[in-house]
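# Structural description and commentary
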Amino acid sequence: MAVAWILSNLKTSKQDTLQIREQDYRKTGLKQPGQWHPDDVVNLLNELVKDLQKAHQQDDIIRKQKDIEKQLSNANNELKQLEEIRNQLIEKIKTAPHIPDISENDYTSLVWFIENLKNWQNSHLELLTIQSKTQHLKSELQAELGKCNEIFSETGFSAADDIPQIKATLSELKKQENERRELLRQIQQSEKEIENQNKRLKDAEKELSEIYSRLNITEGDKTTIRQMTEQLENYKDLKNKFIATKATYQGKEHLLNDHPLYPDYKQETEHLTAEEAITKSEEFARNAENWETIIEQIKEIENAVRQIKNGHELEDVLAQKENALNDLEDVYHNNISGFTGHLIVEELKTQTRDQNRPQVFKAAGELFNRITAGRYELRLDNKEQAVFTAYDTVLKLEQPLSELSTGTRVQLLLAVRLAFIEKQEDTIKLPLLADELLANSDDERATAIIQALIEISREGRQIFYFTAQDDEVKKWYSFLKSESDIHFTHIALTGNSGGSSSNNISEISSDDIKFSYSAPQPEGKSHAKYGEALAVPSFSLLTDDITSLHLWYLIDDVNLLYKCLQKGIRQWGQLQSFVQNNGRISGLDDDTWQIICSKAELLTRFKELYSIGRPKPVGRDVLKQSGLISDTFIDAVAEKAAELNGNPEQLLLALRNGEVSRFYRTKTEELADFFIANNFIDENEPMSMDDILIKLQAFISETVIDAKDAEEFLHTVIGNRSEDG
């Protein structure tokens, strides 16, 4: 019964629930089922599900439509933007990209278009990047331009608007900075020079005081000094005459000493007075007239002696011989007196021979002497008939004109003609007109003519030289460019045909223009090894000039040395000239330049001290230059000089000892005077190395180099030089 009640309640509850659901459904307003039978309800529900699905699909379509409409709107906006960009591109590149037609199965053209479109996009991005960087750089440029203008304003320059103006201003600044550095260097050099000059002035004042003391003159007594100075030229002339007279005297003395009879009459000749010598000379001259007869008699006596030397008459013949020798001795003394008288007469002739000559002859003689630089004097020989002769002052020889060289004869002819012209002039010197004097002259004559005319022009006479020959003009230029005291002008005349005369004087070969030179590269070599690669020449303290010193000695930096060599600058003189003309070499800063200059000055000082009292080597060229050695002896004397390492003192000793056979002693003494006069022999006492080193240390203390560097530098120069003897 209980179960039935439960089932009855369940049934009643289920029906109530269905009714509630029906009522809820009716409230929805949806289609009602025909009957609320489960099948009808299920069918209706299926229809409703289908309708619901359709409704969901419709909602999706509407939503997608709205999305598409929104995308379409966005695409239209993008299209408008692309259209604007397209118009801009058309305006920029004057064309529009063409999208190719695409076939159904061939997408090649589309791929090509897309790839190129991609490349264009990449290029466009790069362009935008570059434009951005450019804009940034422009901003930086403006900022830097502002900074530069601030600097320019501080230095007194106007503001720059662009890069060219900045470059121009910077170039001017660099130029002024270089000028400032050069002026600073010159100021430093001038200060140093002033300091050196002050020191030299003090030394000179000290030396001057010592001179006053040595001459026993009150210090500051310029009147006495001036009087002594005025006598200096006379003193020099007297000294030169003394040297010449001494040489002549020594030559005569040697001849006298070499005479076989001199030992027997030495004491007698030493005590002869001048009057006694003249008397004996005249006596010997008279006796000398019979010397040939006496010689014949001697020969006859000698023959007789040879014939009877084994006979009993030998004693008589010997007695005759003794008498003959006594007679010969008398003749000898007479000859000596005659020779002395002859010398006195010749000297009187020399002193009086030109007193009565015409003025033209005297003027010609003076001109001839000046034109030949004192080598020749014009003389007139009156022995038989008056003839001109030329006296060689070097060879001490009087020569007829026929024995003179062609060039010397030309110089003599010019001297005589010009002397005649000068004597006809009353007031002014008229110009000298010369027309192609060199036309038919060889090199010797041409040189003589040019030198003669140059010497004449030095006397204040204007010279016109006419020629149509280029080679003659070149010869003149080759001489005149070395004569700094001669002013000259070259005028090219125009002919009637309208063409100008050929003027090739200043033509320059392309080979002459060269600014770069080849040189071995350092390639990591040490200074010593690089010097070996360059084959650096040695330097002689006695003969070489400091300007010829190779830069390897002065520059320790092989790279800087290489840069100098590339410019063709190899010697100290070249580098000095290059810098003085504002030349610049990378790496050659002011400090390095000061060190190089100090080294050069140190070597100059060392050379100056070392040369005192030491002979300079002589060779064949110096010996020929002296004019005292003939072609007969030049080879032998030059070989002897080379054997003695060119030492002039040892050469003179060898000549005096007769090591060159038959070389005259008089010539040896004249050669000694030549060596002294031209400073090949210094008669001062040589300075010891200790004294030299002390003076060099004092010099180094005033330079920018230290003692160690100075020592290494001099070791390098001396260690790489040839022996100076």
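The rules behind these values
- Residues numbered from 1 in each chain as written.
- Predicted model: local features only at pLDDT ≥ 70, side-chain atom pairs only at ≥ 80, totals over all residues.
- Heavy atoms only, no water.
- Patch = residues over 30% accessible without salt bridge, like charges linked within 9 Å, V, L, I, M, F, W, Y side chains within 5 Å.
- Areas by Shrake-Rupley, 256 points an atom, 1.4 Å probe, with all protein chains shown as cover.
- Salt bridge = Lys/Arg side-chain N within 4 Å of Asp/Glu carboxyl O.
- Helix = DSSP H or I, 4+ residues; strand = E, 2+ residues; numbered from the N terminus.
- Buried < 20%, exposed > 50% of the residue type's maximum accessible area, 1.4 Å probe, protein only.
- Axes fitted to C-alpha atoms, helices over the stretch in contact; angles between N-to-C directions.
- Parallel < 35°, antiparallel > 145°, perpendicular 65-115°, else oblique.
- Left-handed = near helix turned anticlockwise from the far one by under 90°.
- Contact = heavy atoms within 4.5 Å.
- Nonpolar A, V, L, I, M, F, W, Y, C, P; charged D, E, K, R; others polar.
- 1 Å grid on protein atoms, 1.4 Å probe; cavity = no way out; pocket = protein on both sides within 12 Å on 5 of 7 lines; lining within 4 Å.
- Points joined across faces, edges and corners; volume = space filled by probe spheres on them.
- Expected span 1.5 Å × (residues − 1).
- Phe/Tyr/Trp six-rings, centres within 6.5 Å; stacked < 30°, edge-to-face > 60°.
- Lys NZ or Arg CZ within 6 Å of the ring centre and 35° of its normal.

### A look at a nonpolar patch on the surface
On the surface, L433, F464 and F466 cluster together into a nonpolar patch covering about 300 Å² of accessible area. Within the fold, L433 resides in strand β4 (residues 432–435). Using a relative accessible area of 60% as the deciding quantity, one classes L433 as exposed.

### Here's the deal with the packing of helix α18 (residues 590–611) against helix α23 (residues 689–700)
Between α18 and α23, the least distance of the axes is 10 Å, while the angle of their chain directions is 155°. For the element pair α18 / α23, the angle class is roughly antiparallel. Between α18 and α23 lies a crossing whose hand is right-handed. Residues E601, L602, R605, F606, L609 and Y610 of α18 form the contact with α23, whose own contacting residues are M689, I692, K695, L696, F699 and I700. Looking at the contact of α18 with α23 residue by residue, the class counts come to 9 nonpolar, no polar and 3 charged.

### Thoughts on empty space enclosed by the protein
Enumeration according to the criterion identifies 2 cavities of 30 Å³ or more in this entry. Size it by volume and the largest cavity reaches roughly 80 Å³. Every residue lining the largest cavity is listed: E182, R185, V579, G583, R584, I585, L588, D589, D590 and W593.

### Overview of the pattern of salt bridges
A complete count under the given rule lists 18 salt bridges for this structure. Across the salt bridge formed by E144 and K147, the nearest N and O atoms sit 3.6 Å from each other. Placement of both E144 and K147 in helix α3 (residues 108–154) is noted, with a separation of 3 residues, approximately one turn of the helix. Judged by its relative accessible area of 42%, E144 is partly exposed. Connected via shared salt-bridge partners are D60, R63 and D67.

### What to know about helix α22 (residues 665–677)
The terminal C-alpha atoms of α22 lie 19 Å apart, and with 13 residues this matches the ideal 18 Å at 1.5 Å per residue to within 8%. When we look at burial in α22, the residues that qualify are K667, T668, E669, E670, L671, A672, F674 and F675. A positive backbone phi angle near 65° is found at N679, which sits one or two residues after α22.

### Things to note about the packing of aromatic side chains
Inspection of every chain in the model, using the stated rule, returns 9 aromatic pairs. Aromatic pair Y477 and F488: ring centres 5.5 Å apart, planes at 90°, arrangement edge-to-face. With a gap of 11 residues between them, Y477 in helix α14 (residues 470–480) and F488 in the loop between α14 and α15 (527–534) connect regions that are remote in the sequence. Classification of Y477 by relative accessible area gives partly exposed; the value is 26%. The exposure class assigned to F488 is partly exposed, which follows from its relative accessible area of 31%. One residue, R614, lies across the ring of Y610, its end atom 4.4 Å from the ring centre.

### As for unusual backbone geometry
In this structure, E523 takes a positive phi of about 50° despite not being glycine. Since its relative accessible area comes to 66%, E523 is described here as exposed. Its identity is not glycine, yet N679 carries a phi of approximately 65°, on the positive side. Looking at the element boundaries, N679 is found in the loop between α22 and α23. Judged by relative accessible area, N679 falls into the exposed class, the value being 52%.

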